[in-house]
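Now for the letters of each chain:
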Amino acid sequence: MPHRNDTGEAPRTPSPAELEVIALVPQLEPFFRKSVVHDQMPPMLLEAMESGGLTARHGAVLPHLLAGVPLTVGEIAGRLKVSLPTASELVGALSRAGIVRRAEDPANRRRVLVTLAEEYRGAVETFLGRRMEPLLRVLDELGAQERAGFLAGMEAWVRAVRSAP
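Quick look at the structure, then. (Residues numbered from 1 in each chain as written. Predicted model: local features only at pLDDT ≥ 70, side-chain atom pairs only at ≥ 80, totals over all residues. Heavy atoms only, no water.)

### Comments concerning the sheet that holds strand β3 (residues 108-116)
Next, step 1: Judged by pairing direction, the sheet is antiparallel, and its three strands sit side by side in the order β1-β3-β2 without closing on themselves. Whereas interior strands pair on both sides, the edge strands pair on one side only; in this sheet they are β1 (71-72) and β2 (100-105).
Next, step 2: Bridge count between β2 and β3: six bridges; the pairing is antiparallel. Paired with Arg 101 across the bridge in β3 is Thr 115.
Next, step 3: Helix-sheet contacts for helix α8 (residues 84-96) involve β2 and β3, and the interaxial angle to β2 is about 115 degrees. (Pairing = 2+ DSSP bridges. Helix = DSSP H or I, 4+ residues; strand = E, 2+ residues; numbered from the N terminus. Contact = heavy atoms within 4.5 Å. Axes fitted to C-alpha atoms, helices over the stretch in contact; angles between N-to-C directions.)

And the structure:
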C-alpha cells in the first residue's frame, strides 16, 4: 500500500524538473555536519557553546544579534518562528554561557532586551563569515530578481517544513 499524506491521498510523484532540485538537497549535508561546524567555530565560541551545552538552536539566535540592535525575547521568538517560552529558554542558556547579555528595557521595565556580549562579537562574526561564505558567494553571483526568487523559495520551504506534521 502506498504511503498516504495527511489528506489521505497518495503523495504526488515529482516531475523530472522537481527531481533535479530534490537531488540537490542531500548534497547540502556536509554543511550541517557537527564536525564541520566545530572546525569553523573560533575556540572561544566553541568552548562557550560546549560548556554551556548549547546546540544549533541556540546558535540560530546569534545572527539576529549581530546588527547590534537590542532585541526583545518576543522579537527573537518572532524571527525564529518559535514560541515565547522557547525563545526565553534559548536566550537564558546563551546568557548563562556569557554569549548574550540581558537587560531591562528602560522604556518598559517588563521587557528584557537581549544583545550580543561584546567579548563574543568578533568570534560570532568570524564564525558566521566562515559558515556562510559559500552562500554569500552564491548570493553575490545572483541578480536582484534571482536573489528575490531564491529568498522566496527558501522562505516557502522553511514555512512548509515548519508546518509539516
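Now that the structure is up, let's keep going.
### Points about the nonpolar core
Next, step 1: In terms of nonpolar packing, the biggest core is built from 32 residues, with Leu 45, Leu 65, Ile 76, Ile 99 and Val 100 touching the most fellow members.
Next, step 2: For this core, the elements supplying multiple residues, two or more each, are α4 (43-51), α6 (62-65), α7 (73-80), α8, β3 and α9 (118-141).
Next, step 3: Ignoring anything within four residues of it in the chain, the contact list for Leu 45 reads Ile 99, Tyr 120, Ala 123, Val 124 and Phe 127. (Core = buried A, V, L, I, M, F, W, Y, C linked by side-chain atoms within 4.5 Å. Buried < 20%, exposed > 50% of the residue type's maximum accessible area, 1.4 Å probe, protein only.)

### Regarding the environment of Lys 34
Next, step 1: Structurally, Lys 34 can be placed in helix α3 (residues 34-40).
Next, step 2: Sequence-wise, Lys 34 and Leu 65 are 31 residues apart; in three dimensions their C-alpha atoms are separated by 23 Å.

### Observations regarding the side chain of Thr 72
Next, step 1: Relative to the elements of secondary structure, Thr 72 occurs in strand β1.
Next, step 2: Overall, the relative accessible area of 9% leaves Thr 72 in the buried class.
Next, step 3: Excluding anything up to four places from it in sequence, Thr 72 contacts Arg 111, Val 112 and Leu 113.

### A few points about unusual backbone geometry
Note: most residues except glycine have negative phi, and most peptide bonds are trans.
Next, step 1: Residues other than glycine seldom take positive phi values, yet Lys 81 does so here, at roughly 60 degrees.
Next, step 2: Counting through the fold element by element, Lys 81 comes out in the loop between α7 and α8.
Next, step 3: The exposed category is assigned to Lys 81, whose relative accessible area is 58%.

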